[in-house]
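Per-entry structural report
Residues per chain are reported as follows:
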Amino acid sequence: MMGSGVAQRASSCKDTCRCLARAKPPLRSDRYRTSIHRVRLWRPLASDGCAAARLRRQMASREDSSARVPVVIVTGYAASGKTLLVNRFLALCKARGLAAGLVLHRHAEEFGITPHEIDARCARYHDVVYDFGSGCLCCSPKGDLIRLLVEWIHRQRELGSQLDVLILRLGPLAAPLLFAKALCTNSEINQHFEVVSIVAVVNAQLASRHLAESSVEWQARAQIACADLVLLNENASSDPADASAFVAAINTEVPIEQMPLPAEAARLEAMLRRRA
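In this text, all values refer to a predicted model and were calculated from it rather than measured experimentally.

**Structural notes on the overall build of the protein chain**
Counting its secondary structure elements, the protein chain contains eleven helices and eight strands. By residue count, 51% of the 276 residues in the protein chain fall in the buried class. Contacts spanning at least 24 positions in sequence make up 81% of the contacts within the protein chain whose residues lie at least 6 apart. For the protein chain, the accessible surface area stands at approximately 13,100 Å², while carbon and sulfur atoms represent 53% of it.

Laid out in structure tokens, this is it:
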């Protein structure tokens, strides 16, 4: 099942997301199809240290302790800092000797565009899903994302290995709750993966443009509405107080924190452990 906190947010912000989506542009033509480009990088685990063993125990210490892999969904609008956060997660996993899986969701318009580089060498398995449809085709129960994860399950069985965490980095227009629902409505996926957190990244300098009630970028507000943690990506010219106010106007209960620095391993570790 989906984590209880995620399930509650799915119910509580359904009306909010519907309201935000009223200005949603028409869907693209049906002639577009979902396509997938895969880059497989299976890597052996480094030797486990005390920190790695402790983190594994903390991830596994839950009432429904099973072999399910925790899934952390990273969302945020364009230029928010999602890739920056993912790279810091991956660097931590590599330092701790943890097997991290990574799925990048990108839109068709991004095909051929060089994005900010993901350090895939730190991931046990790395895949890129290109969405040539409405932005959500790849996360349908019969879409490429589900087929990809089923393939991962079988590959893990063949290799006798297990992922410690799966990071799902969404595109700037994607709806996180649709991805969470897709992972929970397939029985095979639900037996092996569990959505534990939806982390939204906000560029503090662009918050007034993306999150204001008058903004046409409703997807950015919908992402905040369903998040259980918001990270502010700040710079010298940004005002974190203003950015926090925009976030709080959308989601009054979500915790707001600063983007963790690479040296803040304890904070990064806590974010991977959190079960919202």
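**Side note on the packing of helix α5 (residues 144-159) against helix α6 (residues 176-184)**
Packing of α5 against α6 leaves a shortest axis separation of 10 Å and a crossing angle of 45°. Relative to α6, α5 is oriented oblique. Like other packed secondary-structure pairs, α5 and α6 cross with a definite hand, here right-handed. Seen from α5, the contacting residues are Leu145, Ile146 and Leu149; seen from α6, they are Phe179, Ala182 and Leu183. Residues of the contact of α5 with α6, tallied by class, amount to six nonpolar, no polar and no charged.

**Side note on the pairing of strand β6 (residues 193-203)**
Here β6 lies mainly inside the structure; eleven of its eleven residues are buried. Of the pairings in the sheet, the one linking strand β2 (residues 69-75) to β6 comprises seven bridges and is parallel in character. Opposite isoleucine 73, over in β6, you have isoleucine 198 as the bridge partner. Pairing of β6 with strand β7 (residues 229-233), which is carried by five bridges, proceeds in the parallel orientation. Bridge pairing in β7 places valine 199 opposite leucine 229.

**Notes on the state of the cysteines**
A full pass over the atoms with the stated rule returns zero disulfides. The closest cysteine sulfur to the non-disulfide-bonded cysteine 93 is located on cysteine 122, 8.8 Å from its own sulfur.

**Things to note about unusual backbone geometry**
A positive phi angle, near 65°, is found at alanine 79, a position not held by glycine. Relative to the assigned elements, alanine 79 resides in the loop between β2 and α4 (82-96).

**Some details on the nonpolar core**
Buried together is how nonpolar side chains tend to be arranged in soluble globular proteins. Core analysis: the biggest nonpolar cluster contains 43 residues, and Ile73, Val103, Leu149, Leu168, Leu183 and Val230 have the highest contact counts within it. Ranked by size, the runner-up nonpolar core spans 27 residues in total, among them Ile118, Val201, Met271 and Leu272.

**Thoughts on the confidence of the model for the protein chain**
Looking at the protein chain as a whole, the pLDDT averages 77, with 67% of positions reaching at least 70. With pLDDT under 50 throughout, residues 21-48 is counted as low confidence; its partners more than four residues away or in other chains account for 66 contacts.

**Observations concerning the side chain of asparagine 233**
Structurally, asparagine 233 can be placed in strand β7. According to the relative accessible area criterion, asparagine 233 is buried, its value standing at 18%.

**Some thoughts on the pattern of salt bridges**
Scanning the entire structure with this criterion turns up seven salt bridges. The salt bridge partner of arginine 68 is glutamate 194, with a shortest N-O separation of 3.6 Å. Of the two residues, arginine 68 sits in the loop between α3 (50-60) and β2 while glutamate 194 sits in strand β6, which places them 126 residues apart along the sequence. Taken individually, arginine 68 and glutamate 194 each receive the classification buried, so the pair is uniform in this respect. In this structure, arginine 275 engages glutamate 194 in a salt bridge whose closest nitrogen and oxygen atoms are separated by 2.6 Å. With a gap of 81 residues between them, arginine 275 in the segment after α11 (265-273) and glutamate 194 in strand β6 connect regions that are remote in the sequence. Taken together, the salt bridges that share partners define one network made up of Arg68, Glu194 and Arg275.

**Some points on the pairing of strand β5 (residues 165-169)**
With five of its five residues buried, β5 lies for the most part within the structure. The alternating pattern of β5 places Val165, Ile167 and Arg169 on one face and Leu166 and Leu168 on the opposite face, and all of these are buried. Pairing geometry for β2 and β5, over four bridges, is parallel. Bridging across to β5, valine 71 finds its partner in leucine 166.

**A closer look at the packing of α4 against α11**
Contact pair α4 / α11: the axes reach a minimum separation of 10 Å and the direction vectors enclose 95°. With respect to their mutual orientation, α4 and α11 come out roughly perpendicular. Residues Leu85, Arg88, Phe89, Leu92, Cys93 and Arg96 of α4 form the contact with α11, whose own contacting residues are Ala265, Leu268, Glu269, Met271 and Leu272. Along the lines of polarity and charge, the residues of the contact of α4 with α11 split into eight nonpolar, no polar and three charged.

Here is what the cut-offs are and how they apply
Residues numbered from 1 in each chain as written. Predicted model: local features only at pLDDT ≥ 70, side-chain atom pairs only at ≥ 80, totals over all residues. Heavy atoms only, no water. Helix = DSSP H or I, 4+ residues; strand = E, 2+ residues; numbered from the N terminus. Buried < 20%, exposed > 50% of the residue type's maximum accessible area, 1.4 Å probe, protein only. Contact = heavy atoms within 4.5 Å. Areas by Shrake-Rupley, 256 points an atom, 1.4 Å probe, with all protein chains shown as cover. Axes fitted to C-alpha atoms, helices over the stretch in contact; angles between N-to-C directions. Parallel < 35°, antiparallel > 145°, perpendicular 65-115°, else oblique. Left-handed = near helix turned anticlockwise from the far one by under 90°. Nonpolar A, V, L, I, M, F, W, Y, C, P; charged D, E, K, R; others polar. Pairing = 2+ DSSP bridges. Disulfide = S-S within 2.5 Å. Core = buried A, V, L, I, M, F, W, Y, C linked by side-chain atoms within 4.5 Å. pLDDT = per-residue confidence, 0-100. Salt bridge = Lys/Arg side-chain N within 4 Å of Asp/Glu carboxyl O.

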